[in-house]
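Here is what each chain is made of, one letter per residue.
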Amino acid sequence: MDNKELIRQALEARERAYVPYSKYKVGAALLTKEGKVYQGCNIENAAYTPTNCAERTAFFKAVSEGERAFEAIAIVGGYEGAPSDFAYPCGVCRQVMMEFCNPKKFRVITAISEDNYLEKTLEEMLPHGFGPENL
Ligand code: THU
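Bear in mind the structure is a predicted one, so any value in this text is a computation, not a measurement.

(A) Quick look at the pairing of strand 5 (residues 116-121). Alignment of strand 4 (residues 107-113) against strand 5, held across six bridges, turns out to be antiparallel. The residue of strand 5 that forms the bridge with Ile109 is Glu119. Here strand 4 hands over to strand 5 after two residues, the two strands then running antiparallel side by side.

This is the structure:
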């Protein structure tokens, strides 16, 4: 699957963001090595701290369905309307990626649109990360 299609799926997931508090809508699309996509959106909570980021929603959906091997994730975020800036994953989400992905190979795509995106490896996003290999 190409980056454009993965971004399109992240944009679609963003439509389902549940964000009554921040109003900041994030969508993610996680691609497995076998080519399956798991979508995720952020899900907020009146108690604030139970809020789940879009990226972790996608990862937890996938892992809970038995997936362990991932290739890339596309992320889009912003207030109402189309994204206007690149949305980078928070530190907690980067750490969750570190648990399941090869930091040298896993691609993190942050997008404004299907044609306007940046791509980095997880290692670039989380240098000197701590993961399963360290235990
Ligand atoms: N958020 C994400 O979904 N992903 C990130 O990587 C950064 C933050 C969400 C959490 C919260 O619902 C809103 O964006 C504002 O922080």
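Past the structure itself, the notes keep going.
(B) Looking closely at the pattern of salt bridges. A full pass over the atoms with the stated rule returns six salt bridges. The residue Glu5 makes a salt bridge to Arg8 at a minimum N-O spacing of 3.1 Å. Of this pair, Glu5 and Arg8 both sit in helix 1 (residues 3-14), separated by three residues, roughly a single helical turn. Residue classification places Glu5 among the partly exposed positions, given a relative accessible area of 25%. Residue classification places Arg8 among the partly exposed positions, given a relative accessible area of 34%. For Arg107, the salt bridge identified is with Glu119, shortest N-O distance 3.4 Å. Of this pair, Arg107 sits in strand 4 while Glu119 sits in strand 5, placing them twelve residues apart in sequence.

(C) Up close: the sheet that holds strand 5. Pairing in this open sheet of five strands is mixed, and the strands run 2-1-3-4-5 from one edge to the other. Looking at which strands have only one partner, the edges of the open sheet turn out to be strand 2 (37-41) and strand 5. The average undirected angle you get between the axes of adjacent strands in this sheet is 20°. In this sheet, strand 2 lies alongside strand 1 (residues 25-32) in antiparallel orientation, the contact comprising five bridges. Residue pairing across strands places Leu30 opposite Tyr38, the latter belonging to strand 2.

Cut-offs and rules
- Residues numbered from 1 in each chain as written.
- Predicted model: local features only at pLDDT ≥ 70, side-chain atom pairs only at ≥ 80, totals over all residues.
- Heavy atoms only, no water.
- Pairing = 2+ DSSP bridges.
- Helix = DSSP H or I, 4+ residues; strand = E, 2+ residues; numbered from the N terminus.
- Salt bridge = Lys/Arg side-chain N within 4 Å of Asp/Glu carboxyl O.
- Buried < 20%, exposed > 50% of the residue type's maximum accessible area, 1.4 Å probe, protein only.
- Axes fitted to C-alpha atoms, helices over the stretch in contact; angles between N-to-C directions.

Spatial relationships are all this shows, so hold off on functional conclusions.
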